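Here are the chains, one letter per residue:
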Amino acid sequence: MPTARTPPTGVWVPSPTFFKPASASQSLQPAVDIETQIKHSVHLAKNGVRGLVLLGSTAEAIHLSRNERISLTAGVRKGMNDAGFPDYPVMAGVLVNSVDEVLEWLEDLGKAGAQWGLVLAPGYFGAAVNQENLKEWFTVVADKSPIPILIYNYPGVTNNLMVTPDTYAHLAQHPNIVGCKLSHGNVSYHTQVSTDPSIDHDKFRVYSGIGSQLGPIVLFGAAGVIDGLAAYYPRAVSRLMDLAKKRPIEPKALQEIQAQQFVVSQAWEFIVKFGILGIREAIYQVLGMGTVEGGRLPLKGRIPDGEWAKWEAMHSKMQALEDAP
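Residues numbered from 1 in each chain as written. Predicted model: local features only at pLDDT ≥ 70, side-chain atom pairs only at ≥ 80, totals over all residues. Heavy atoms only, no water.

Per an unreviewed UniProt entry, the chain carries the name Aldolase and comes from Lophium mytilinum.

Listed below in structure tokens is the structure:
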């Protein structure tokens, strides 16, 4: 099997799925709003974001039907092409545990235009899943996948299942496994995988799912972040990425990285506090896109009244970074 295409370094956005107002739908759930999905995607591409992650956890992929997942991916791909961004980097999430179903998702999403699949570690049974079985599970998937895959470790939705550095080092040798996303706070794991000399880091890219870790992990070799804050402050987060990856690092540049990381880390607390609903609310408040109705049940609704007002001061700081030349 030849070595697969590697995703580029930089800031990626785990895009939420946009839904039309519930009143506009005749079904039990609000309909997917592909027009707004494209509008948001183009905005990100124009403002420094290196790639999109569709249908991940933030995108509520588990709440979408097979046809909706295919239509959304194909719609964004066409919309990006039409907007002058041909071959724009697109990953698509795969959030199921059955090997056969994982491969079905990968087949669908590849045909719809995704270049990579971000495959969630199968953690339904949590601690009962050992690292040797994880290695075998991802190997079977990678052997059969029509598109390159990345390992997605998000313990918060997989019963605290953690993929260990040794498992990443083993799977990084597979020609069809080209990276990983670590959505947890174990910075030691990020650093170990990013600096492991047994891994070809030009072929296997390490991304954090947490923008508050951007500076520290990129300084130690990570490829970037797949970060929800960049969904509404794309230029600010991308500028921090540009500073962190520049070599050599001059003392003045390091001071600027530290100052910007401080603001970004503070702003990231909004995501920690409200999760997907916070990201949706912020996109609506900052960019005027989407609705304030939330997603699909059980994630329907807004953040509590008055909470956005409490973040106005932080929004002003982030907007200043966003607007800086």
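A. Molecular detail of the overall build of the chain. Along the backbone of the chain there are 11 helices and eight strands. Each principal axis of the C-alpha distribution contributes one length, and for the chain these read about 55 × 50 × 40 Å. Taken across its 325 residues, the chain has 57% of its residues classed as buried. When contacts within the chain are restricted to residue pairs at least 6 apart in sequence, those whose partners lie at least 24 apart make up 75%. Accessible area of the chain: about 13,700 Å², with a carbon and sulfur share of 54%. Across the chain, 28 positive and 30 negative side-chain charges occur, with their mean positions spaced 4 Å apart. (Helix = DSSP H or I, 4+ residues; strand = E, 2+ residues; numbered from the N terminus. Buried < 20%, exposed > 50% of the residue type's maximum accessible area, 1.4 Å probe, protein only. Contact = heavy atoms within 4.5 Å. Areas by Shrake-Rupley, 256 points an atom, 1.4 Å probe, with all protein chains shown as cover. Lys, Arg positive; Asp, Glu negative; His and termini not counted. Charge placed at Lys NZ, Arg CZ, Asp CG, Glu CD.)

B. Spatial organisation of the packing of helix H3 (residues 99–112) against helix H4 (residues 131–144). Viewed as axis vectors pointing N to C, H3 and H4 meet at an angle of 35°, and their least axial separation amounts to 10 Å. Between H3 and H4 lies a crossing of right-handed hand. Here Val-99, Val-102, Leu-103 and Leu-106 of H3 come into contact with H4, specifically with Trp-137, Val-140, Val-141 and Lys-144. Considering only residue class, the contact of H3 with H4 consists of seven nonpolar, no polar and one charged. (Axes fitted to C-alpha atoms, helices over the stretch in contact; angles between N-to-C directions. Left-handed = near helix turned anticlockwise from the far one by under 90°. Nonpolar A, V, L, I, M, F, W, Y, C, P; charged D, E, K, R; others polar.)

C. Just the pairing of strand E6 (residues 177–182), in detail. Burial of E6 is extensive: six of the six residues sit out of reach of the surface. Relative to E6, strand E5 (residues 149–153) is paired through five bridges, and the arrangement is parallel. Of the residues in E6, the one forming a bridge with Leu-150 is Gly-179. What joins E5 to E6 is helix H5 (residues 165–171), and the crossover it makes is right-handed. In this fold, the crossover linking E6 to strand E7 (residues 205–208) by way of helix H6 (residues 187–195) has right-handed handedness. (Pairing = 2+ DSSP bridges. Right-handed = clockwise from strand over helix to strand, strands pointing away.)

D. Summary view of the sheet that holds E6. Here we have eight strands rolled up into a closed barrel, ordered E1-E2-E3-E4-E5-E6-E7-E8, and parallel in their pairing. Direction aside, the axes of adjacent strands within the sheet are offset by 25° on average. Sheet analysis places E6 next to E7, joined by four bridges and oriented parallel. The partner of Cys-180 across the bridge, within E7, is Val-206.

E. The nonpolar core, seen in detail. One finds Phe-138, Phe-204, Leu-229 and Tyr-232 to be the most contacted residues of the largest nonpolar core, which totals 105 residues. For this core, the element with the highest residue contribution is helix H9 (residues 251–287), accounting for 13 residues. Discounting chain neighbours no more than four positions away, the residues touching Tyr-232 are Phe-270, Ile-271, Ile-279, Ala-282, Ile-283, Val-286 and Leu-287. (Core = buried A, V, L, I, M, F, W, Y, C linked by side-chain atoms within 4.5 Å.)

F. View of helix H2 (residues 66–82). The end-to-end C-alpha distance of H2 is 24 Å, a good match for the 24 Å that 17 residues give at a rise of 1.5 Å each. All buried positions along H2 are accounted for by Arg-69, Leu-72, Thr-73, Gly-75, Val-76, Arg-77, Gly-79 and Met-80. Buried residues along H2 sit against helix H1 (34–46), strand E2 (51–54), strand E3 (90–94) and H3. (Expected span 1.5 Å × (residues − 1).)

G. Examining the environment of Lys-39 more closely. As for its placement among the helices and strands, Lys-39 is situated in helix H1. Overall, Lys-39 belongs to the exposed group, its relative accessible area being 53%. Between the alpha carbons of Lys-39 and Met-80 there is a distance of 9.1 Å; along the sequence they are 41 residues apart.

H. Representation of the side chain of Thr-73 within the structure. Its place among the elements puts Thr-73 in helix H2. Overall, the relative accessible area of 1% leaves Thr-73 in the buried class. Setting aside its immediate chain neighbours within four residues, Thr-73 contacts Leu-54, Leu-55, Leu-109, Ala-112, Gly-113 and Ala-114.

I. Region of the structure containing the environment of Val-90. As for its position among the elements, Val-90 is in strand E3. Residue classification places Val-90 among the buried residues on the basis of a relative accessible area of 2%. Put simply, Val-90 and Ala-114 are 24 residues apart on the chain and 5.2 Å apart in space, counted from C-alpha to C-alpha. Every residue in contact with Val-90, bar those within four places of it in the chain, is listed here: Trp-12, Leu-52, Leu-54, Arg-77, Ala-114, Gln-115 and Trp-116.

J. Inspection of the pairing of strand E1 (residues 10–14) at higher detail. Of all five residues in E1, five are buried; the element is thus mostly enclosed. Bridge count for E1 against strand E8 (residues 224–226) is three bridges, and the pairing is parallel. Looking across to E8, one finds that Gly-10 is bridged to Gly-224. Pairing analysis gives three bridges linking E1 to E2, with the strands arranged parallel. Of the residues in E2, the one forming a bridge with Trp-12 is Gly-51.

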